[in-house]
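An overview of the molecular structure
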Amino acid sequence: MPDPVGRPSILRRLASMFYEALLLLGVLAVLLVLPHALLGAFGHGVLHPVIGWAHCFIVLLIYFLWFWSNGGQTLAMKTWRIRLVTRDGLAVRPAQAFVRFLMCWPSLVFLGAGILWALVDRDRLFLHDRLAGTQLVMT
C-alpha cells in the first residue's frame, strides 16, 4: 500500500545512500585528496591524521548542509527523486540540516542501527530524521 505522504521506500533510500557514497568519492577526491597530495609534493610534509579527518568532516558538512538547506536534495537525491523536508513538509532550515548531519554519523557507525530503526518506526523514519524533525518524501 503506498504511503499517504509519498515517502520513499527504505530500499529506495538505501539505494540513494549508496549512489551518494559513489558521488562523494569523486567530491572527496577533488576537495580532500588532491590538496593534501599537492601539499605533500610541494611542502614535503604530511598532515596529521586528525587534520585529514577534520578536513573530510568539514567537506561533507558543507556539501550536505548546502544541498539540504537549498532545495532539500543532494545530487543523488535528485536522481532518485527524493527530497528532504521538515515533518510539516516545509523547507529544511540550516540548523535542522546540521542536526541531521551530526545524527547521521551514529546512525551509520553503530552498525547501521539508525537505519534499521526505520523498520520499527511508526512512520518508517530513520533515527536521524526522527531526531532532526525531518523526513524524506518523493518528488
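Everything below is about the structure shown above.
Residues numbered from 1 in each chain as written. Predicted model: local features only at pLDDT ≥ 70, side-chain atom pairs only at ≥ 80, totals over all residues. Heavy atoms only, no water.

**Some thoughts on a nonpolar patch on the surface**
The test is simple: Put simply, a patch holds well-exposed residues, over 30% relative accessible area, that have no salt bridge, with like charges counted together within 9 Å and Val, Leu, Ile, Met, Phe, Trp or Tyr side chains within 5 Å. Computed by Shrake-Rupley with a 1.4 Å probe, the accessible areas treat only the displayed protein chains as cover when residues are assessed. The salt bridge criterion pairs a side-chain nitrogen of Lys or Arg with a carboxyl oxygen of Asp or Glu, the two atoms within 4 Å. Helix numbers and strand numbers start at the N terminus; a helix is a DSSP run of H or I with at least 4 residues, a strand a run of E with at least 2.
A cluster of nonpolar side chains, namely Leu14, Met17, Phe57, Ile58, Ile62, Phe98, Leu102, Trp105, Leu108, Val109 and Phe110, defines an oily patch on the protein surface of about 980 Å² accessible area. Mapped onto the nonpolar patch, the elements with two or more residues apiece are helix 1 (10–43), helix 2 (49–69) and helix 4 (94–109). Ranked by residues supplied to the nonpolar patch, first place goes to helix 4 with five residues. On the secondary structure map, Ile58 appears in helix 2.

**Considering the pattern of salt bridges**
Which entries qualify depends on this criterion: For every residue, the accessible area obtained with a 1.4 Å probe (protein chains only) is divided by the maximum for its type, and the residue is called buried under 20%, exposed over 50%, and partly exposed between those limits.
For the structure on display, the rule yields five salt bridges. Note that Asp123 is salt-bridged to Arg87, the shortest N-O span being 2.9 Å. Of this pair, Asp123 sits in the loop between helix 5 (113–116) and helix 6 (127–132) while Arg87 sits in the loop between strand 1 (82–86) and helix 4, placing them 36 residues apart in sequence. Classification of Asp123 as buried rests on a relative accessible area of 17%.

Limitation: the analysis is restricted to geometry and does not speak to function.
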